[in-house]
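Here are the chains, one letter per residue:
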Amino acid sequence: MDTKFHGVGVAIVTPFNADYSVDFDGFGRIIRHISDGGVRYIVLQGTTGESPTVTKQEKKQLLQYLKENNPKNLPIVFGVGGNVTADVVSGMKDIDFEGVDAILSVCPYYNKPGKRGVIEHFTRVADASPVPVVLYNIPFRTGINMSAETICELAQHPNIIGVKEASCVIEQCMEIARDKPDDFLLISGDDVQAVPIISIGGVGVMSVIANAFPAKFTTMIDAALQGDFAFAQKELGHFLRIDPLLYEEGNPVGVKNILEIMGLMSAEVRLPLMKASDDLSERQKAVLQRDRLLELVA
């Protein structure tokens with residue numbers, strides 16, 4: 001089994017300047033911060049990267065910047081998805097896949113296709129992609145849940161190598177782990193569920209919180225992968241109070257606010273998201289102090 005996507009992958013944020021242009025200096029700081037923290041790979045232009053409001057040209061620029069400023073040569077997973085199958089397929093012709101190790105492709109949203117439509121969509125995406133495909137199941141955003149049966153059927157495609165599973169239904173994750181091919185990657189799409197998912201056969205997590213705390217989160221996930229669940233579960237306790245505050249006003253509002261508190265970048269987001277409210281920011285600061293989280297930073 002290819003292990004390059006085992007452990008912690010960071011769903012990296014996209015920093016913005018005050019005028020909402022991409023802050024490439026801030027992007028470089030975040031890349032160095034997570035790389036120094038020991039994460040295994042970088043997921044570019046997923047939900048946490050604000051992919052819906054980043055233009056195609058900006059996506060290309062961010063990908064090129066990451067390729068040229070990747071100090072530890074970490075594997076790159078690039079977000080390529082949508083709810084118009086033909087556009088997803090044709091759009092791949094404009095992407096420079098050199099240096100890209102896989103794509104992350106979200107389940108088609110809003111249209112709410114049935115099982116046959118989901119399978120045909122991802123079959124065409126996988127047939128067209130020059131690199132392996134990781135499925136992304138996140139029902140509360142897309143409006144549909146890819147069942148374990150659907151995911152495991154898609155897992156038979158030779159170019160579909162795994163799933164980022166963010167249904168937050170542990171029984172579904174257990175079904176995937178039971179029925180998937182041995183070399184198919186079950187990756188947690190939820191930070192708090194990562195340790196439990198590893199315990200049933202998962203290989204890691206595509207993480208939001210590791211933008212801020214890469215070293216501590218990586219230590220926790222590596223311990224779980226080595227079977228030390230007592231230690232991993234104890235470490236997970238550090239993050240239980242801060243995790244809900246990452247999503248209360250939308251992702252990545254919460255984690256960007258923490259990164260601003262840490263002095264790594266501005267908390268700016270693009271509309272329709274808005275920067276963290278004063279109330280949320282103060283509650284985050286209180287939890288960071290109470291749980292001594294800033295002491296966890298590498």
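Residues numbered from 1 in each chain as written. Predicted model: local features only at pLDDT ≥ 70, side-chain atom pairs only at ≥ 80, totals over all residues. Heavy atoms only, no water.

> How should I be thinking about the overall build of the chain in this particular structure?
Across its full length, the chain holds twelve helices and eight strands. Here the C-alpha radius of gyration of the chain, 18 Å, is about what a compact globule of 298 residues would show, namely 19 Å. Along the three orthogonal principal directions, the C-alpha set of the chain runs to about 50 × 45 × 35 Å. Each of the 298 residues in the chain was classed as buried or not, and the buried ones make up 56%. Within the chain, contacts between residues at least 6 apart in sequence are counted, and of these 70% link residues at least 24 apart. Accessible surface, the chain as shown: approximately 12,700 Å² in total, 50% of it carbon and sulfur. Side-chain charges of the chain comprise 28 positive and 38 negative groups, with the mean position of each set lying 1 Å from the other. (Helix = DSSP H or I, 4+ residues; strand = E, 2+ residues; numbered from the N terminus. Rg over C-alpha atoms; globule rule 2.2 N^0.38 Å. Buried < 20%, exposed > 50% of the residue type's maximum accessible area, 1.4 Å probe, protein only. Contact = heavy atoms within 4.5 Å. Areas by Shrake-Rupley, 256 points an atom, 1.4 Å probe, with all protein chains shown as cover. Lys, Arg positive; Asp, Glu negative; His and termini not counted. Charge placed at Lys NZ, Arg CZ, Asp CG, Glu CD.)

> What is the right way to look at the UniProt feature "binding site: pyruvate" (unreviewed entry) in the chain in this model?
Listed under "binding site: pyruvate" (unreviewed entry) in the UniProt record, and renumbered for this structure, are Thr 48 and Met 206. These annotated residues cover 159 residues of sequence, but their C-alpha atoms sit close together, with the largest distance between any two at 10.3 Å. Taking the annotated residues in turn, Thr 48 and Met 206 line the second largest pocket. One can find Thr 48 in the loop between strand S2 (41-44) and helix H2 (56-68). Assessed through its relative accessible area of 3%, Thr 48 is described here as buried. Position of Met 206 among the secondary structure elements: in strand S8 (residues 204-207). The class of Met 206 is buried, set by a relative accessible area of 2%. For Met 206, the residues in contact, after removing those within four places along its chain, are Gly 9, Tyr 41, Val 43, Leu 104, Val 134, Lys 164, Ile 187, Ser 188, Gly 189 and Asp 191. (UniProt positions renumbered as here; feature names shortened; annotations may be inferred. 1 Å grid on protein atoms, 1.4 Å probe; cavity = no way out; pocket = protein on both sides within 12 Å on 5 of 7 lines; lining within 4 Å.)

> Got a minute to help me understand helix H11 (residues 253-261) in this structure?
The periodicity of an α-helix, 3.6 residues per turn, causes residues three or four positions apart to be oriented the same way. Burial analysis of H11 places seven of its nine residues in the buried class, the great majority of the element. Three or more residues of H11 are buried, namely Val 253, Gly 254, Val 255, Lys 256, Asn 257, Ile 258 and Leu 259. Buried residues along H11 sit in contact with helix H1 (24-36) and helix H12 (278-290). At the exit of H11 stands Gly 263, carrying a positive phi of roughly 80°.

> Which parts of the structure should I look at to understand the layout of surface pockets?
To find leftover empty space, a probe the size of one water molecule is rolled over the atoms. Of the volumes computed, that of the largest pocket is approximately 1,200 Å³. Secondary-structure elements contributing two or more residues to the lining of the largest pocket are H2, strand S3 (76-79), helix H3 (85-91), strand S4 (102-106) and helix H5 (139-142). Here the lining of the largest pocket takes four residues from H3, the largest share from any one element. Across the lining of the largest pocket, the residue classes break down as 16 nonpolar, 16 polar and eight charged. What the second largest pocket holds in volume is close to 250 Å³. By residue class, the composition of the lining of the second largest pocket is nine nonpolar, four polar and four charged. (Points joined across faces, edges and corners; volume = space filled by probe spheres on them. Nonpolar A, V, L, I, M, F, W, Y, C, P; charged D, E, K, R; others polar.)

> Sorry if this is basic, but what is going on with the pairing of S2 here?
Across a regular strand the side chains alternate sides, sitting on one face of the sheet and then on the other. Burial of the side chains of S2 extends over both faces: Tyr 41 and Val 43 are buried on one face and Ile 42 and Leu 44 on the other. Inspection of the sheet shows strand S1 (residues 7-11) paired to S2 by three bridges, in the parallel sense. If you follow Ala 11 over to S2, its bridge partner there is Val 43. Handedness of the β-α-β unit built from S1, H1 and S2 comes out right-handed. Inspection of the sheet shows S2 paired to S3 by three bridges, in the parallel sense. Bridging from a neighbouring strand, Ile 42 pairs with Ile 76 of S3. In this fold, S2 hands off to H2, which returns the chain to S3; that crossover is right-handed. (Pairing = 2+ DSSP bridges. Right-handed = clockwise from strand over helix to strand, strands pointing away.)

> Could you clarify how one ought to interpret the sheet that holds S2 in this entry?
The strands that make up a sheet are held in pairs by hydrogen bonds between backbone atoms, and each pair lies either parallel or antiparallel. Within the closed barrel, the eight strands sit side by side as S1-S2-S3-S4-S5-S6-S7-S8. Their pairing is parallel. Geometrically, the sheet is characterised by an average inter-axis angle of 25° between neighbouring strands, direction not taken into account. (Axes fitted to C-alpha atoms, helices over the stretch in contact; angles between N-to-C directions.)

> Got a minute to help me understand the pairing of S4 in this structure?
Of all five residues in S4, five are buried; the element is thus mostly enclosed. Because side chains alternate across S4, one face comprises the buried residues Ala 102, Leu 104 and Val 106, and the other comprises Ile 103 and Ser 105, equally buried. Examined bridge by bridge, S3 and S4 share three bridges and lie parallel to one another. Its bridge partner being in S4, Val 77 is matched across the sheet by Ala 102. As a crossover connection, the stretch from S3 through H3 into S4 is right-handed. Bridge analysis of S4 against strand S5 (residues 133-137) gives four bridges, and the strand direction is parallel. In the strand pairing of S5, Ser 105 is matched with Leu 135. In terms of handedness, the path from S4 via helix H4 (residues 115-128) over to S5 forms a crossover that is right-handed.

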